[in-house]
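A look at the structure
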Amino acid sequence: MSLGHACVDVYQGAVAALVPYFVAERAYSYAAASGVVLAASLLSSLVQPLFGWLTDRWAMPWLLPLSALTAGAGVALSGVTDSYALTLAVVAVSGVGVAAYHPEAARVARAVARGRHTAMGWFSFGGNAGFALAPLLVFAVVGTGGLGASPLLVVPALAGAALCAAAVRSAGSGAGSADACTAVGEDDWPSFLRLSGAVVCRSVVFVGLSTFVSLYVRERTGGGEGAGTAALFVLYAGGAVGTLAGGRLAERYGRTTVVRRSYALTVLAVAGLVLVPGPPVYVFVALTSAGLYVPFSLHITLGQDFLPRRVGTASGVTLGLTVSVGGLAAPALGALADATSLRTALLPLVALPALGRLLLCGLRDPAPPGAAVAERADPQKPVAR
């Protein structure tokens, strides 16, 4: 599941990694280039709740390989379409593939992980590793062969489809039952909505930096394509490590404590990224990556435990919808950058993790999966929270 997740999420990272090439080869403005990111996010955002609702009612493991192929096909075609409208259309199709994948994949992963934070951390690690590899993949393919070579980007999708099919077969009955990972308990909508608001703030920061950090670092350091690719790689690769660290830290300190401290770190890191000139910007990119990604898998398990009766919906929101929502803000950042400068456009991103931190104040860890059952079976026995 982790490897299949990597092969799907490489296409979320690839859209942002393609932005500098659209600017260079097609002379897109910042606003037009960020519109490509919006296309990948908008339709994905609209259909994500639908796929979450469906997976709450029926197991659809067959959707995993199909969605991997759809995500890859859209990005692979984005470089060979001549018109801007067609480019937006195929990228939107890729976004639908990503949206279809995540709720069902998180359901299957939860069933196999049996509620373990570290196991879900490994599942999330796969997706973040895919993000990290995206700029290197795009640089290797499009950086050498131009946008016309983009059909080669379909290769991870083929591998991902095979891996997802194999994972579903290995998961057996756990993947085939929509009830296998549903815990007994009451849905806590107020806490879930506060968590979702914080994740939306995180999403806007992440997508905004994914879209523009490559161009911004090239401006600040005077480097070329390699300097920008390196910055995007640091942003994504640090996240792959941070996701694994998040699961381990949560087992020691508790999920909500780790999430709140991560948002506080992100405020300082984004401020340094935007305001500190020269090569040290890479240090702040790495710190920003840690702040954004340490809570990543914890968002998923918290959301699922806040809505134990609607695991698919919770997964669709925390893993998909609130991640893609950040793409809706990308055109506004691009328009501001065209009117002023990239630095000015990125400054508002400092405030968003601070807002997310406020939303998390007072949020408590929900009972882990199965805790309600254990508590009713033996009310005298303490249940770990």
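Note that residues are indexed from 1 along each chain, following the sequence as it is written. Given that the model is predicted, a residue must reach a pLDDT of at least 70 before its local features are reported, and side-chain atom pairs must reach 80 or more before they are shown or counted; all residues, however, enter totals for whole chains, interfaces and linings. Just so you know, side-chain values use all the structure's heavy atoms and leave hydrogens and water out.

**Section: the overall build of the protein chain**
In terms of helices and strands, the protein chain carries 17 helices and 0 strands. Computed over its C-alpha atoms, the radius of gyration of the protein chain comes to 20 Å, within 12% of the 21 Å expected for a compact globule of 385 residues. Referenced to the eigenvectors of the C-alpha coordinate spread, the extents of the protein chain come out at roughly 65 × 40 × 30 Å. Whether a residue is buried, partly exposed or exposed follows from its accessible area with a 1.4 Å probe, protein chains only, as a fraction of its type maximum: under 20%, in between, or over 50%, in that order. Burial analysis of the protein chain (385 residues in total) assigns 57% to the buried set. Contacts between residues were defined by any pair of non-hydrogen atoms, one from each residue, lying within 4.5 Å. By sequence separation, contacts in the protein chain at least 24 residues apart represent 86% of the contacts at least 6 residues apart. Helix and strand assignments come from DSSP, with helices taken as H or I runs of at least 4 residues and strands as E runs of at least 2, each series counted from the N terminus. We take the radius of gyration over the C-alpha atoms and set the globule estimate at 2.2 Å times the residue count to the 0.38 power.

**Brief notes about the confidence of the model for the protein chain**
Chain-level pLDDT for the protein chain is 85 on average; 90% of the residues reach the 70-or-more range. Mean pLDDT values for the elements of the protein chain range from 45 in helix α17 (residues 371-377) up to 96 in helix α16 (residues 351-360). What pLDDT expresses is the predictor's confidence in each residue, scored from 0 to 100. Within the model, the stretch residues 372-385 combines pLDDT values under 50 with 9 contacts to residues more than four positions away or in other chains.

**Looking at empty space enclosed by the protein**
A cavity here means a set of points on a 1 Å grid, drawn over the protein atoms and nothing else, where a 1.4 Å probe fits but cannot get out; a pocket is an open set with protein on both sides within 12 Å along at least five of seven lines, and a residue lines either one if it has an atom within 4 Å of a point. Grid points are joined across faces, edges and corners, and a volume is the space filled by probe spheres set on the points. Here the structure, examined in full by the defined rule, presents 4 cavities of 30 Å³ or more. Estimated volume of the second largest cavity: approximately 80 Å³. As for the second largest cavity, its lining consists of A17, P20, Y21, P135, V138, F139, S214, R218, E225, T229 and L232. Among the secondary structure elements, those contributing two or more residues to the lining of the second largest cavity are α1 (2-26), α5 (117-145), α8 (189-221) and α9 (225-253). Each residue receives one of three labels: charged for Asp, Glu, Lys and Arg, nonpolar for Ala, Val, Leu, Ile, Met, Phe, Trp, Tyr, Cys and Pro, and polar for the others, Gly being one of them. Residues that form the lining of the second largest cavity fall into these classes: 7 nonpolar, 2 polar and 2 charged.

**Concerning α5**
The end-to-end C-alpha distance of α5 is 41 Å, a good match for the 42 Å that 29 residues give at a rise of 1.5 Å each. Roughly 35° is the biggest bend found in α5, and it falls at L133, with proline P135 one to four residues downstream. After α5 finishes, the residue G146 shows a positive phi value of roughly 75°. An expected span of 1.5 Å times one less than the residue number is assigned to each helix. For a residue, the bend is simply the angle between two axes, fitted respectively to the seven-residue segment ending there and the seven-residue segment starting there.

**Concerning the packing of aromatic side chains**
Stacked, edge-to-face and tilted are the three classes for Phe, Tyr and Trp ring pairs, Trp counted by its six-membered ring, which pair at centre distances within 6.5 Å; planes under 30 degrees apart are stacked, over 60 edge-to-face, the rest tilted. Applying the stated criterion across every chain yields a total of 11 aromatic pairs. On the basis of an interplanar angle of 90° and a centroid distance of 5.8 Å, the ring pair of W189 and F192 is categorised as edge-to-face. Pair noted here: W189 and F192 are both in helix α8, with a separation of 3 residues, about one helical turn. Residue F192 is classed as buried on the basis of its relative accessible area, which comes to 2%. Each residue in the set F131, F206, Y236, Y293 and F296 is aromatic and connected to the rest through ring pairs, giving one cluster. We call a charge positioned above a ring when the Lys NZ or Arg CZ atom is no farther than 6 Å from the ring centre and deviates by at most 35 degrees from the ring normal. Looking at R202, its charged tip hangs above the ring of Y293, at a distance of 5.1 Å from the centre.

**Section: the packing of helix α3 (residues 63-78) against helix α6 (residues 155-171)**
To obtain each axis, a line is fitted to C-alpha atoms, and for helices this fit is confined to the stretch in contact; angles are then taken between N-to-C directions over 0 to 180 degrees. Relative to each other, α3 and α6 sit at 170°, their axes nearing to 8 Å. Relative to α6, α3 is oriented roughly antiparallel. Residues L64, P65, A68, L69 and G72 of α3 touch α6, and the partners they reach there are A157, L158, G160, A161, C164 and V168. When its residues are assigned to classes, the contact of α3 with α6 shows 9 nonpolar, 2 polar and no charged. Orientation labels follow simple angle bins: below 35 degrees gives roughly parallel, above 145 gives roughly antiparallel, 65 to 115 gives roughly perpendicular, and whatever is left gives oblique.

**Regarding the side chain of E104**
Residue position: E104 is located in helix α4 (residues 84-113). Within polar-contact distance, the side chain of E104 engages the side chain of R107 at 2.6 Å. As used in this structure description, the phrase polar contact means that two N or O atoms lie within 3.5 Å; if the pair is within protein, one of them must be able to donate a hydrogen and the other to accept it, and residues adjacent in sequence are counted only when both atoms belong to side chains.

**Examining the nonpolar core**
Each nonpolar core is a collection of buried residues, namely Ala, Val, Leu, Ile, Met, Phe, Trp, Tyr and Cys, held together in the definition by side-chain atoms within 4.5 Å. One finds F123, V142, Y236 and L349 to be the most contacted residues of the largest nonpolar core, which totals 79 residues. The element that contributes the greatest number of residues to this core is α1, accounting for 11 residues. Counting 17 residues, the second-largest nonpolar core is a separate cluster that includes L195, V258, F306 and V317.

**Examining the side chain of S94**
For S94, the location among the structural elements is in helix α4. Overall, the relative accessible area of 2% leaves S94 in the buried class. Residues in contact with S94, not counting those within four places in the same chain, are Y11, T70, A71, G74 and V75.

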